[in-house]
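These are the residues of each chain, in order.
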Amino acid sequence: MLVIGERINATRRSIREAIKSRDMDAIVREAKSQIEAGANYLDVNCGTVDAAEEPAVMQWLAQGLQQAASAPLCIDSANPEALSAGLAVCRGPAMINSISAESERFSKVLPLITEYRADVVALCMDDKGIPPDSATAEKVGRDLVRRLLDAGVPADRIYVDPLVRSVATNPETVMGTLDLMQRLAGAFDGIHFVSGLSNVSFGLPERRHLNRAYVVMSVASGLDAVIMDPLDRTLQALIYAAEALANKDRFCMQYIGAYNEGKLSAP
């Protein structure tokens, strides 16, 4: 499972204050704690700052993190100019979060994917918004993946996000999402699937239980990347266990390795 650490996000008060005071040391500490916990990428989002300032802030964040942290970055913004500013200072591989089938967003983000040869999170939504059902989501997802492939983006750099919604308001969302991943995987060899966990539990108490259960259910349906809090040791342990049970970890070698490294001793 590719783990994208979600904690460098300006919606979190500590990160928002660190950005405001330009406290790179605090942000680097957050980055290193996620890497030590197993993050493969660091998601970087400063979307709460003024839109005119976001490109400069994103570049400052990306530069500081590139100098002090070892993990590649997932540049996360709805603002193409901020995406470009962050990507411009990435020294190695990077990920863009995100592109969609929305006309304006697709046209502005696609050139960044090709210029920087970046991996990309591809959201299953178009100009009509998030699809109301899995059949429509499949149509949107197929169209988006096909357009990316036709533009020369390799399949293994595409991370489709089926956009699971809150089970509190959309009871069918999880089963529909699992079915969607299986259908798209059957249609396009080599693509990946990614999900942000917090959406599925929005509005409900004790959200961590729902987030963890959703990951376990999703592994067998093709989920191979997750945007999450890597400091959640229980969630990390459940991912190792789910991949072993789903035959994605042959002879449980990764599970045993995680045990030997003390990663399965979750509370």
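Let me begin by describing the structure that accompanies this report.

Cut-offs applied
- Residues numbered from 1 in each chain as written.
- Predicted model: local features only at pLDDT ≥ 70, side-chain atom pairs only at ≥ 80, totals over all residues.
- Heavy atoms only, no water.
- Axes fitted to C-alpha atoms, helices over the stretch in contact; angles between N-to-C directions.
- Helix = DSSP H or I, 4+ residues; strand = E, 2+ residues; numbered from the N terminus.
- Parallel < 35°, antiparallel > 145°, perpendicular 65-115°, else oblique.
- Left-handed = near helix turned anticlockwise from the far one by under 90°.
- Contact = heavy atoms within 4.5 Å.
- Core = buried A, V, L, I, M, F, W, Y, C linked by side-chain atoms within 4.5 Å.
- Buried < 20%, exposed > 50% of the residue type's maximum accessible area, 1.4 Å probe, protein only.
- Nonpolar A, V, L, I, M, F, W, Y, C, P; charged D, E, K, R; others polar.
- Polar contact = N/O pair within 3.5 Å; in protein donor to acceptor, adjacent residues only side chain to side chain.
- Pairing = 2+ DSSP bridges.

In contact at an axis separation of 10 Å, helix 2 (residues 24-36) and helix 3 (residues 54-68) are set at 60 degrees when each is read in the N-to-C sense. In this view, helix 2 runs oblique relative to helix 3, as classed from their interaxial angle. Between helix 2 and helix 3 lies a crossing of right-handed hand. Contacts from Met24, Ile27, Val28, Ala31 and Lys32 of helix 2 reach helix 3 at Trp60, Leu61, Gly64, Leu65 and Ala68.

Ranked by internal contacts, the top residues of the largest apolar core, which has 71 residues, are Ile19, Ile96, Ile99, Ile113, Leu148 and Ile191. Apart from residues lying up to four places away in sequence, isoleucine 113 is in contact with Ile96, Ile99, Ala118, Val120, Leu148, Val153 and Arg157. Ile4, Cys74, Met125 and Tyr159 belong to the second-largest nonpolar core, a separate cluster that totals 13 residues.

With that settled, consider the packing of helix 4 (residues 80-87) against helix 5 (residues 103-116). Interaxial distance between helix 4 and helix 5 falls to 10 Å at its minimum, and their mutual angle equals 10 degrees. Here helix 4 lies roughly parallel to helix 5, going by the angle between them. For the pair formed by helix 4 and helix 5, the contact residues are Pro80, Leu83, Ser84 and Leu87 on the first element and Arg105, Lys108, Val109, Leu112 and Tyr116 on the second. Here the residues of the contact of helix 4 with helix 5 sort into six nonpolar, one polar and two charged.

Locating arginine 105 in the fold gives a position in helix 5. In terms of polar contacts, arginine 105 uses its side chain to reach the backbone carbonyl oxygen of serine 98, at 2.6 Å. Excluding its chain neighbours within four sequence positions, the residues that come into contact with arginine 105 are Ser77, Ala78, Asn79, Leu83, Asn97, Ser98, Ile99 and Ser100.

Glancing now at the sheet that holds strand 3 (residues 73-76). Where strands meet in a sheet, backbone hydrogen bonds hold them as pairs that are either parallel or antiparallel. Read around the closed barrel, eight strands run 1-2-3-4-5-6-7-8, paired in parallel fashion. Averaged over all neighbouring strand pairs, the angle between strand axes comes to 25 degrees, with direction disregarded. Two elements, strand 7 (residues 192-196) and strand 8 (residues 225-228), share three bridges in a ladder whose sense is parallel. Each bridged residue has a counterpart across the sheet, and for glycine 196 the counterpart in strand 8 is isoleucine 227.

Another point: helix 4. Because an α-helix completes one turn every 3.6 residues, residues spaced three or four positions apart along the sequence face the same direction. Those residues of helix 4 not exposed but buried are Ala82, Leu83, Ala85, Gly86 and Leu87. Taken together, the buried residues of helix 4 touch helix 3, strand 3, strand 4 (94-100) and helix 5. Residue asparagine 79 occupies the N-cap position of helix 4, its side-chain oxygen lying 2.9 Å from the main-chain nitrogen of glutamate 81.

Interpretation in functional terms is not warranted from these geometric data alone.
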